[in-house]
Amino acid sequence: MKSDVMPGPATLPGADGGPDRPAPSGDGTDGPRHAPARRDRAARSRRRWGRWALVALLVVLSVPFVFPTWWMATSSLKPMSEILRAVPTLWPQDPSFAAYGEVFRLQPFAQQYWNSLYIAALVTVGTILVSSMAGYAFARIRFPGANALFLLVLVGLLVPSEVTIVPLFRMVNSLGLIDTHWPLVVIPILGAPSVLATFIMRQFFLGLPGELEEAGRMDGLGRWGIFWRIAFPLSRSAISAVAIFTFLKSWNLYLEPIVYLSSKDRFTLPQALTQYVDAYGGPMWNVQLAATTLTVLPVLAVFLVAQKQFVQGLAHSGLKG
Amino acid sequence: MASSALARRDAAVGYTMVAPAVLGALAFVVAPLVAVVWYSLHEWNVLANTFTFAGADNYERMLSDPGLRDSLLASLWFSIGLVVLNISLALLLAVLLNQRLPGTTTFRTFFFSPVVVSLVAWTIVWSFLLQADGGINGFLSLLGIEGPNWLRGETTAMISVIVVQVFKNVGLNMILFLAALQGVPEEVQEAARIDGAGAWRRFRSITLPLISPTLLLVSILTIVGSLEVFAQIAVLTGGGPGNSTTVLVYYLYQQAFRFNDFGYASAISVLLFVIVLVLTLVQWQTRKRWVFHEV
């Protein structure tokens, strides 16, 4: 095997002639001119195998991330008997949309869908307004007490909303706003959940070049004008990060809705999803999975279309080192 | 004269702009925080409509409450498991996706997709997969393994809750790590490679120190987040079996909104706040030791 790559005898004496030359490693009887190319090729093929091994690892790792969604969507098309079969079927044998009809028959699901959507939209827009104004003022405007006020706002980062749920519940109750959407809209916009947004916006505005504001001032803009016409439009990447965080947080809210809401037509989606149970409290899997599919697929579709901006928005949220 | 008028006008705008955030913080963070401490010193039953000063009674009750001890333990296990698994998996995925490999964008989308799936929806799907005759055991049976009833065993229930949560949110940490990794200068890596540093050595001595600010931030967010877990518990296990997955927030919810014991629930809230505060401050204080450069 060695022979076909062996260099000609003419070069051999040189190779084993020098006694001071350290013994070549491996099958290193090769001539010195050939060795690098061969080692290179070996290394490259090893690297190629390494790359495919990594890709295989990624494929295996992605199963628990992708499979549940697949399983959810396909199972929602199966009848209960097929869902409970001992050996699972990857694809429904006789796909049927019957469960989807049940979703809307058993609960005011469209109304609940709308509730979640409009609450998340209001919270997102409100949080962007409040946090960008506060972030801008804390970053760019000098006024007495600014640091103290900023510290006061930052306390919200240390207070998980669960800590204050009892007093907030009492506050909402005494205002007569139980079983309304007010607490789900107002508290997230003004309270602890928006503090991270204010922090991100402030970090962003700190890095804004001062010359832009000077130019705005030259053009006769006041502070509000500078904020609205210059700073705010420039903060698109930070705003999109805040928007994503905020929307997802509101969309996922569970503790607050179950504490504040009691009528089915005021429920939000996460709450509604847990209500598909039969007379004995057992889950009606196909109906529940159909409802779950209806809540997941639209969001997933939007994400797949906009995923580049989405991921970049998060990566550039000022959270990186 | 003109400049002081400008400064005054500036200050007025500044106060106006921060007003919603500051008033919001006062009304919905600071005031409730003070209130919850005040409530915690009271015997308060909502149904009976009694509210009497009780001093430290609620805190004394905590000391001898086995339910609270269980929930602290459950929270501890959950946090440890979640943080270790989440951060190491997020780092592994970020490092893998930072290589020049085919299809990294697709894989990134895969790993990130559960983040956009609503939490309760994700949890419901997993509870479907994890039930005794569910998908996971179905596939295990194909391999000739009889799987346990995941959500009904004390150990497997906790493991299930952790794993479901890790797959849900690890994509977010992965993205933050990926952004940090892409900020590590290629030349430094190259120089170390020429000096003969292996891949692991380069990761430990160069990459890790350079991304340590992100590591700090991500671990703070993950630890604090792990203490707030509620929906997953409520949907997956309802705190059971026994009290094995009744984490602190779930216990707090039960005391307040199931047993209507607002005073005791307030005392638990104060405990939760103190734990979050201490953890955050400790991590922040130790940042100098393990954070290579400041943000």
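Just so it is clear, the structure is predicted and the values come from calculations on it, not from any experiment.

Caption draft 1: Structural detail: the overall build of chain B. Scanning chain B from N- to C-terminus turns up 14 helices and two strands. Overall size of chain B, expressed as C-alpha extent along the three principal axes, is 85 × 75 × 35 Å. Within chain B, the proportion of its 295 residues that are buried is 55%. Considering only contacts within chain B whose residues lie at least 6 apart along the sequence, 68% involve residues at least 24 apart. As presented, chain B carries roughly 13100 Å² of accessible surface, and 65% of it is formed by carbon and sulfur atoms. Here chain B contributes 16 positive and 16 negative side-chain charges, whose respective centroids are spaced 11 Å apart.

Caption draft 2: How the structure looks around a nonpolar patch on the surface. A cluster of nonpolar residues, Leu73, Leu76, Trp77, Ile80 and Val84 of chain B, forms a patch on the protein surface that exposes about 490 Å² of accessible area. Within the element layout of this structure, Trp77 of chain B appears in helix α3 (residues 66-97).

Caption draft 3: Representation of the nonpolar core in the model. Ranked by internal contacts, the top residues of the largest apolar core, which has 178 residues, are Tyr260 of chain A together with Phe111, Phe112 and Phe177 of chain B. It is helix α7 (residues 154-181) of chain B that contributes the most residues to this core, 15 residues altogether. With residues up to four places along the chain from it excluded, the contact list for Phe111 of chain B reads Leu58, Leu61, Ser62 and Phe65 of chain A together with Leu93, Leu97, Gly171 and Met174 of chain B.

Caption draft 4: Region of interest: the packing of α3 of chain B against helix α10 (residues 212-227) of chain B. Residue and element names in this part refer to chain B. Relative to each other, α3 and α10 sit at 145°, their axes nearing to 9 Å. Helix-helix and strand crossings are classified by hand; for α3 and α10 the assignment is right-handed. Taking contact as the criterion, the partners of Ser75, Phe78, Ser79, Leu82, Val83, Asn86, Ile87 and Leu91 in α3 are, on α10, Leu215, Val218, Ser219, Thr222, Ile223, Ser226 and Leu227. Residues of the contact of α3 with α10, tallied by class, amount to nine nonpolar, six polar and no charged.

Caption draft 5: Broad picture of unusual backbone geometry. Put simply, Gly240 of chain B and Pro241 of chain B share a cis peptide bond, and its omega is -5°. At Asp179 of chain A, a residue that is not glycine, the phi angle is positive and equals roughly 65°. Its location among the elements puts Asp179 of chain A in the loop between α7 (165-174) and α8 (182-190). Residue class for Asp179 of chain A comes out buried when judged on its relative accessible area of 13%.

Caption draft 6: Region of the structure containing helix α6 (residues 135-142) of chain B. All names here are of chain B. Inspection of α6 places Gly135, Asn137 and Gly138 among the buried residues, and these make up the whole buried set. Seen end-on, α6 carries its buried residues on one side only, within an arc spanning 165°. Of the residues one or two after α6, Gly144 is the one with positive phi, at around 80°.

Caption draft 7: Quick peek at the pattern of salt bridges. Enumeration over the complete set of coordinates arrives at nine salt bridges over all chains. A salt bridge links Glu102 of chain A to Arg105 of chain A, with the nearest nitrogen and oxygen atoms 3.0 Å apart. With a gap of three residues between them, Glu102 of chain A and Arg105 of chain A both fall in helix α4 (residues 98-106), about one helical turn apart. On the accessibility criterion, Arg105 of chain A (58% relative accessible area) is exposed. Arg193 of chain B is the salt-bridge partner of Glu190 of chain B, the closest N and O atoms lying 3.4 Å from each other. Highlighted residues: Glu190 of chain B and Arg193 of chain B, both in helix α8 (residues 186-194), separated by three residues, approximately one helical turn.

Caption draft 8: Examining the interface of chain A and chain B more closely. Counting from both sides, the interface comprises 91 residues of chain A and, opposite them, 94 residues of chain B. By the criterion of area lost to chain B, the three top residues of chain A are Leu58, Phe65 and Val166 of chain A, representing 9% of everything that side buries. Seen at the junction of chain A and chain B, the total is one salt bridge. As a salt-bridge pair, Asp10 of chain B and Arg223 of chain A come within 2.9 Å of each other at their nearest N and O atoms. At the junction of chain A with chain B, the criterion picks out seven residue pairs in polar contact (both at pLDDT 80 or more). The dominant element in the side of chain A that touches chain B, judged by the number of residues it contributes, is helix α2 (residues 35-75) of chain A, at 18 residues. Grouping the constituent residues of the side of chain A that touches chain B by class yields 70 nonpolar, 14 polar and seven charged.

Caption draft 9: Geometry of the pairing of strand β2 (residues 50-53) of chain B. Residue and element names in this part refer to chain B. Bridge count between strand β1 (residues 42-45) and β2: four bridges; the pairing is antiparallel. Counted as the bridge partner of Glu43 is Thr52 from β2. With antiparallel pairing between neighbouring strands as the criterion, β1 and β2 make up a hairpin whose turn holds four residues, including Asn49 at a positive phi of roughly 60°.

Cut-offs and rules
- Residues numbered from 1 in each chain as written.
- Chains lettered and ligands numbered in written order.
- Predicted model: local features only at pLDDT ≥ 70, side-chain atom pairs only at ≥ 80, totals over all residues.
- Heavy atoms only, no water.
- Helix = DSSP H or I, 4+ residues; strand = E, 2+ residues; numbered from the N terminus.
- Buried < 20%, exposed > 50% of the residue type's maximum accessible area, 1.4 Å probe, protein only.
- Contact = heavy atoms within 4.5 Å.
- Areas by Shrake-Rupley, 256 points an atom, 1.4 Å probe, with all protein chains shown as cover.
- Lys, Arg positive; Asp, Glu negative; His and termini not counted.
- Charge placed at Lys NZ, Arg CZ, Asp CG, Glu CD.
- Patch = residues over 30% accessible without salt bridge, like charges linked within 9 Å, V, L, I, M, F, W, Y side chains within 5 Å.
- Salt bridge = Lys/Arg side-chain N within 4 Å of Asp/Glu carboxyl O.
- Core = buried A, V, L, I, M, F, W, Y, C linked by side-chain atoms within 4.5 Å.
- Axes fitted to C-alpha atoms, helices over the stretch in contact; angles between N-to-C directions.
- Left-handed = near helix turned anticlockwise from the far one by under 90°.
- Nonpolar A, V, L, I, M, F, W, Y, C, P; charged D, E, K, R; others polar.
- Arc of directions from axis to C-beta.
- Buried area = accessible area lost by both parts, 1.4 Å probe.
- Polar contact = N/O pair within 3.5 Å; in protein donor to acceptor, adjacent residues only side chain to side chain.
- Pairing = 2+ DSSP bridges.

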